[in-house]
Amino acid sequence: MNLRAVSIIPFIVMLFFSTACASPSEADSHPSPASEGLVITVETSEKAVTPTSVVQKEPSASLAPVFSVTTVAGENIRLEDLLGSVPIYLLFIPSSTDELDISQMRDVQVKINEFENLGAEVVVIVSDLPNRVIDMRDEFGLDFSLIADPLNIVANDWRVFDLDNNGQPNPASFIFNAHGSLIARLVAAEPSDRPSVDEVLSIIEESLSTGAA
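Source: prediction; values computed, not measured.

## Focus: the confidence of the model for the chain
Alright, step 1. In this model, the chain carries an average pLDDT of 76, and 69% of its residues clear a pLDDT of 70 or more.
Alright, step 2. Across residues 1-62, confidence stays below pLDDT 50; counting only partners more than four residues off in sequence or on other chains, it has 110 contacts.

What follows is the structure, encoded as structure tokens:
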């Protein structure tokens, strides 16, 4: 799947960055990802824009649901601190044991040096218990930030939880440039609807080379 090619696709589902950024009536006006199939949207604005169309001179953490959590390695991560400083690849996966989830994590690990060379931060939210996420990390030698979200608190804040009424988050990818702007997102309606790591790297690299990041 070529994420860069989807810029011509109209917005199907809008990500609600916070309750201050959208009213309930606005939320109801957008169909769910499950009803529309694969949902891909790409934003190419240089700066994040509020619903009032005011361009922010500086990236604002309020434009995305920020979190301050501890990774399974004991490192505290504040998304607010990362946004606007480095490109970010934020992933949500439903479990630490599903074959597709493990395959995606291994693919990211294979390319982790390329993310580092671009100065990009990889953060993965796993809807599973901490000990299971640690087991996955150790078994596959994962060397990036892993956050256990067994109660789906973060997934719910990012509106990727229970979209199919199955009590699980949908696999989802969010890419932010170094200015804190969301430049690509994919919320999968089917478990296999995930971007390749090469596609993600290409989006980050292009944003850096064009000065959009």
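After presenting the structure, the write-up continues.
## Description of the packing of aromatic side chains
The description of an aromatic ring pair rests on the distance of the ring centres and on the angle between the ring planes.
Alright, step 1. Overall, the coordinates contain five aromatic pairs when judged by the stated rule.
Alright, step 2. Each ring, one from tryptophan 158 and one from phenylalanine 176, has its centre 6.1 Å from the other, and the planes form 85°; the classification is edge-to-face. Linking tryptophan 158 in the loop between helix H7 (153-157) and strand S7 (172-176) with phenylalanine 176 in strand S7, this pair joins segments that are 18 residues apart in sequence. Take tryptophan 158 and phenylalanine 176: they sit in the same class, and that class is buried.
Alright, step 3. Each residue in the set Phe92, Trp158, Phe174 and Phe176 is aromatic and connected to the rest through ring pairs, giving one cluster.

## Thoughts on the pairing of strand S5 (residues 121-126)
Alright, step 1. Of all six residues in S5, five are buried; the element is thus mostly enclosed.
Alright, step 2. When strand S4 (residues 88-93) meets S5, the two strands line up parallel, connected through six bridges. Within S5, the residue paired with isoleucine 93 across the bridge is valine 126.
Alright, step 3. Of the strand pairs in this sheet, S5 and strand S6 (residues 145-148) are connected by four bridges, and their pairing is parallel. The partner of valine 126 across the bridge, within S6, is alanine 148.
Alright, step 4. Assessed by its sense of winding, the connection that carries the chain from S5 through helix H6 (residues 130-140) to S6 is right-handed.

## Describing unusual backbone geometry
Trans is the prevailing form of peptide bonds, just as negative phi is the prevailing case for residues other than glycine.
Alright, step 1. Notably, arginine 159 is not glycine yet its phi reads approximately 60°, a positive angle.
Alright, step 2. Its location among the elements puts arginine 159 in the loop between H7 and S7.
Alright, step 3. With a relative accessible area of 44%, arginine 159 lands in the partly exposed category.
Alright, step 4. Even without being glycine, asparagine 165 reaches a positive phi, approximately 55°.

## Observations concerning the pattern of salt bridges
Alright, step 1. Under the criterion given, the structure shown has seven salt bridges.
Alright, step 2. For aspartate 81, the salt bridge identified is with arginine 78, shortest N-O distance 2.9 Å.
Alright, step 3. Given the relative accessible area of 48%, aspartate 81 is considered partly exposed.
Alright, step 4. Among the residues examined, arginine 78 registers a relative accessible area of 34% and is labelled partly exposed.
Alright, step 5. Measuring nitrogen to oxygen at the nearest pair gives 3.5 Å for the salt bridge that ties glutamate 114 to lysine 111.
Alright, step 6. Here the residues in one salt-bridge network are Arg78, Glu80 and Asp81, joined through shared partners.

## Section: the side chain of aspartate 149
Alright, step 1. In this fold, aspartate 149 is placed in the loop between S6 and H7.
Alright, step 2. Here aspartate 149 is buried and forms no salt bridge, its nearest opposite-charge partner arginine 159 lying at an N-O distance of 13 Å.
Alright, step 3. Non-local contacts of aspartate 149, meaning those with residues more than four positions away in its chain, are made with Ile125, Val126, Ser127, Asp128, Val154 and Ala155.

## So, the environment of leucine 182
Alright, step 1. Within the fold, leucine 182 resides in strand S8 (residues 182-187).
Alright, step 2. Along the backbone, leucine 182 and leucine 83 are 99 residues apart, and their C-alpha atoms lie at a distance of 9.8 Å.

Reading guide: rules and limits
Residues numbered from 1 in each chain as written. Predicted model: local features only at pLDDT ≥ 70, side-chain atom pairs only at ≥ 80, totals over all residues. Heavy atoms only, no water. pLDDT = per-residue confidence, 0-100. Contact = heavy atoms within 4.5 Å. Phe/Tyr/Trp six-rings, centres within 6.5 Å; stacked < 30°, edge-to-face > 60°. Helix = DSSP H or I, 4+ residues; strand = E, 2+ residues; numbered from the N terminus. Buried < 20%, exposed > 50% of the residue type's maximum accessible area, 1.4 Å probe, protein only. Pairing = 2+ DSSP bridges. Right-handed = clockwise from strand over helix to strand, strands pointing away. Salt bridge = Lys/Arg side-chain N within 4 Å of Asp/Glu carboxyl O. Lys, Arg positive; Asp, Glu negative; His and termini not counted.

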